[in-house]
Amino acid sequence: MKVWFLSLGAGALLLVAVAIAGTEAGWWFSSPPDDPVLAEQPDPSGYQWRERACDFEADWRTDVLCGDLLTPLYVTPEGPRRFRLPVAVLKSDARQRREDPIIYLPGGPGGSAELTEEGIEFWQSWQLYTQSQRDLILIDRRGVGKSDPALTCPEYDRYSEAILSEAISEQQENREAGDILQRCFEQLEASGTFRSDQFGTIVSARDLAALMGFLPYEKYNLVGVSYGTRLALATADLDTVRQAGWVRSLVLDSVYPPDQGGLISWPGVVTHSVERFLAWCEGRAGCAESVADLDALLAEALESLAQEPMYLSIPSWSRDESRSVAVDDRRLFTAMFGAIYDRYRWPDIVEGLRGAVERDAEKLKPLIEVFINQALDGSFSYLTFMAVDCLDHTLGTEAEYVAQLAQYPQYRQYLGRWDSHVCRWLGTAEKPLPTLEPLPIPTLIMAGEQDPVTPAQWARDLAQSWPSAQLYVADNIGHSVLWSDTCAESSLGAFLDNPKAQWTPMAPRGPKGKREPCE
């Protein structure tokens, strides 16, 4: 799955990429008729569940349930409104199908579950590869994907694409983009689409708890990646979920604990991540084998593009055309940081830095092409990311932020000015999210040692305080072990089958049907 981030004109580096167990022929897995609303179940809390026909085709498997979770009504200037959150349940066709499904929670918090024909076919393949032998539940959270209403700002999308061809100053870009975003949020608030009390991790956790109550299962396994791990933890900790005993196990990949993150910590996270990666990659086969001083190469590349940007013609993945992109030092740094997420792109970092130094467009293109096309991919909701991330954290003070920049000065020019950050006017939490006490739930915590945005140390700290947790750290992985390590991915089912046993990732079965531990 995609994970990405974008250096927005607003000045911040934003991180960027799912009751009774049914029988084999359960009532809600039968092929639905054409009526879009098949069932409606009210809940005292104000939630409703409506089964409906799927709005996508699933060519090679038809056992898919679709429905909508309707959230409680809230008051707006234009009258009562509620969110419609689309849900897809993919039934496992395993002979020994387990009765406890997976709820997969993607990152972001602007990432969608990709509830499209192409996405569903991918998820069906993923069910088989992970050998989970379980039904898979996917939901688009508030504001993302096919949820209604969704948080969108077409004017900002157009601006983000238009300025690619320009090498304008950071101050101008921050001012123009910030003005657009502020207007969009004001318009969304006036229409009732955005209200701060309708977003945030705790709100989404209550949505998930309501969904678990409606679906016909007794137990669930929550599998979260990146921000999805924070949501999984918050959901498992709800009183209603604890009392019902719904969560059977947790898989936390690239964990984002509630006491981490936020604007004030960002300079330290970025600096430590870049320095750690450069030191690990330098001289290493498959990364920067022939580079004796990778830090010096980065500094030279940034200086070259600060003095004179390069102009590249980058093919669009969504349209039959190319985009003109001005690559200055800020965009190079952002593209490089994004590429650290994915170990398969690490060679592109080194080649791209060389291209910047040598003024060789062909060497620089692969690094920039992926960054630009992922950043402009419409499946990620940047506005939802901003809303949830701001509302999950306290703001801090300008003095605290400036002190962090002074402590980590090496890349401070790429971290955004205090007065450009959207959380200053969008709103923030009055108090930090509470630190969770250890949950009595079997938990698998995964981390990539080179993860730039949810550092492996966060996983180690959490695992140390949770006696029920197992920790797996992969040295040569960036962000998300499940999406980078096929050995660990194919072993997910083994953990879910026996979550209290010691988990060892095993390679997929070879020609003789045997599985060996991962190398």
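Everything that follows concerns the structure shown earlier in this document.
The paragraphs below set out a description of the structure included in this document. (Residues numbered from 1 in each chain as written. Predicted model: local features only at pLDDT ≥ 70, side-chain atom pairs only at ≥ 80, totals over all residues. Heavy atoms only, no water.)

Let's talk about the overall build of the protein
A count of helices and strands for the protein gives 17 helices and 14 strands. Across the 519 residues that make up the protein, the buried fraction comes to 58%. (Helix = DSSP H or I, 4+ residues; strand = E, 2+ residues; numbered from the N terminus. Buried < 20%, exposed > 50% of the residue type's maximum accessible area, 1.4 Å probe, protein only.)

Examining the packing of helix α9 (residues 329-340) against helix α11 (residues 361-375)
Packing of α9 against α11 leaves a shortest axis separation of 9 Å and a crossing angle of 75°. In this view, α9 runs roughly perpendicular relative to α11, as classed from their interaxial angle. Residues Arg331, Leu332, Thr334, Ala335, Met336 and Ala339 of α9 pack against Leu364, Leu367, Ile368 and Phe371 of α11. (Axes fitted to C-alpha atoms, helices over the stretch in contact; angles between N-to-C directions. Parallel < 35°, antiparallel > 145°, perpendicular 65-115°, else oblique. Contact = heavy atoms within 4.5 Å.)

Points about helix α5 (residues 227-236)
One full turn of an α-helix is made of 3.6 residues, so residues set three or four places apart face in the same direction. For α5, the tally of buried residues reaches 10 of 10 residues, placing the bulk of the element in the interior. Every buried residue of α5 is listed here: Tyr227, Gly228, Thr229, Arg230, Leu231, Ala232, Leu233, Ala234, Thr235 and Ala236.

What about the nonpolar core?
Ranked by size, the top nonpolar core spans 127 residues in total, and within it Leu250 and Leu332 carry the most contacts. Ignoring anything within four residues of it in the chain, the contact list for leucine 332 reads Ala301, Leu302, Leu305, Val327, Leu353, Ala356, Leu364 and Leu367. (Core = buried A, V, L, I, M, F, W, Y, C linked by side-chain atoms within 4.5 Å.)

Re the environment of valine 402
Examined against the element boundaries, valine 402 turns out to sit in helix α13 (residues 398-407). For valine 402, a relative accessible area of 39% gives the class partly exposed. Through-space distance from the C-alpha of valine 402 to that of isoleucine 264 is 8.8 Å; in sequence the pair is 138 residues apart.

Things to note about the pattern of salt bridges
Evaluation of the coordinates by the stated rule reveals 24 salt bridges. A salt bridge links arginine 183 to glutamate 155; its shortest N-O distance comes to 2.6 Å. One end of the pair, arginine 183, is in helix α3 (residues 170-191); the other, glutamate 155, is in helix α2 (residues 154-162), with 28 residues separating them in the sequence. The exposure class of arginine 183 is partly exposed, given its relative accessible area of 36%. (Salt bridge = Lys/Arg side-chain N within 4 Å of Asp/Glu carboxyl O.)

Focus on the packing of aromatic side chains
For the structure on display, the rule yields 24 aromatic pairs. On the basis of an interplanar angle of 90° and a centroid distance of 5.5 Å, the ring pair of phenylalanine 83 and phenylalanine 199 is categorised as edge-to-face. With a gap of 116 residues between them, phenylalanine 83 in the loop between β5 (64-70) and β6 (84-90) and phenylalanine 199 in the loop between α3 and α4 (201-214) connect regions that are remote in the sequence. Considered together, phenylalanine 83 and phenylalanine 199 belong to a single accessibility category, that of buried residues. Judged by centre distance (4.8 Å) and plane angle (50°), the rings of tyrosine 104 and tryptophan 123 are tilted. Taken together, the residues tyrosine 104 in strand β7 (residues 102-105) and tryptophan 123 in helix α1 (residues 117-129) connect sequence positions 19 residues apart. Judged by its relative accessible area of 0%, tryptophan 123 is buried. An aromatic cluster of at least three residues, connected via ring pairs, comprises Tyr74, Phe83, Phe185, Phe194, Phe199 and Trp425. (Phe/Tyr/Trp six-rings, centres within 6.5 Å; stacked < 30°, edge-to-face > 60°.)

Some remarks on the layout of surface pockets
Unoccupied space between atoms shows up once a probe the size of one water molecule is rolled over them. As a volume, the largest pocket reaches approximately 880 Å³. Lining the largest pocket are 37 residues; nearest its centre among them are Leu376, Asp377, Gly378, Ser379 and Phe380. Contributions of two or more residues to the lining of the largest pocket are made by α1, α2, α11 and α12 (382-392). In terms of residues, the lining of the largest pocket owes the most to one element, α2, which gives four residues. Forming the walls of the second largest pocket are 23 residues, and the residues nearest its centre are Thr201, Ile202, Asp392, Leu433 and Pro434. (1 Å grid on protein atoms, 1.4 Å probe; cavity = no way out; pocket = protein on both sides within 12 Å on 5 of 7 lines; lining within 4 Å. Points joined across faces, edges and corners; volume = space filled by probe spheres on them.)

Describing the state of the cysteines
This model, assessed by the stated rule, comprises four disulfides. Linked covalently through their sulfurs, cysteine 153 and cysteine 184 form a disulfide whose S-S length is 1.8 Å. The S-S bond linking cysteine 153 to cysteine 184 shows a torsion near 65°; that makes this disulfide right-handed. Of this pair, cysteine 153 sits in the loop between β8 (136-139) and α2 while cysteine 184 sits in helix α3, placing them 31 residues apart in sequence. Like cysteine 184, cysteine 153 is buried. Sulfur-sulfur distance for the disulfide between cysteine 281 and cysteine 287 comes to 1.9 Å. Residues cysteine 281 and cysteine 287 share a disulfide whose torsion about the S-S bond is about -110°; that sign makes it left-handed. (Disulfide = S-S within 2.5 Å.)

Re α9
Here α9 spans 17 Å end to end across 12 residues, near enough to the 16 Å set by a 1.5 Å rise per residue. For α9, the tally of buried residues reaches 12 of 12 residues, placing the bulk of the element in the interior. Every buried residue belonging to α9 is among Asp329, Arg330, Arg331, Leu332, Phe333, Thr334, Ala335, Met336, Phe337, Gly338, Ala339 and Ile340, and all of these are buried. Measuring from the backbone nitrogen of arginine 330 back to the side-chain oxygen at the start of α9 gives 3.2 Å, which picks out aspartate 328 as the cap. (Expected span 1.5 Å × (residues − 1). Polar contact = N/O pair within 3.5 Å; in protein donor to acceptor, adjacent residues only side chain to side chain.)

Describing a negative patch on the surface
Taken together, the side chains of Glu275, Glu282, Asp293 and Asp295 make up a negatively charged region of the molecular surface. As for its position among the elements, aspartate 295 is in helix α8 (residues 294-307). Note on aspartate 295: relative accessible area 33%, which makes it partly exposed. (Patch = residues over 30% accessible without salt bridge, like charges linked within 9 Å, V, L, I, M, F, W, Y side chains within 5 Å. Areas by Shrake-Rupley, 256 points an atom, 1.4 Å probe, with all protein chains shown as cover. Lys, Arg positive; Asp, Glu negative; His and termini not counted. Charge placed at Lys NZ, Arg CZ, Asp CG, Glu CD.)

Points about unusual backbone geometry
Between glycine 108 and the following residue, proline 109, the backbone shows a cis peptide bond with an omega angle of 15°. Its place among the elements puts proline 109 in the loop between β7 and α1. At the junction of aspartate 148 and proline 149, the peptide bond is cis and its omega measures out at 0° in the coordinates. Within the secondary structure, proline 149 sits in the loop between β8 and α2. Here the phi dihedral of arginine 359 falls at roughly 60°; this positive angle occurs in a residue that is not glycine. Inspection of the secondary structure assignment puts arginine 359 in the loop between α10 (346-358) and α11. Residue classification places arginine 359 among the partly exposed residues on the basis of a relative accessible area of 32%.

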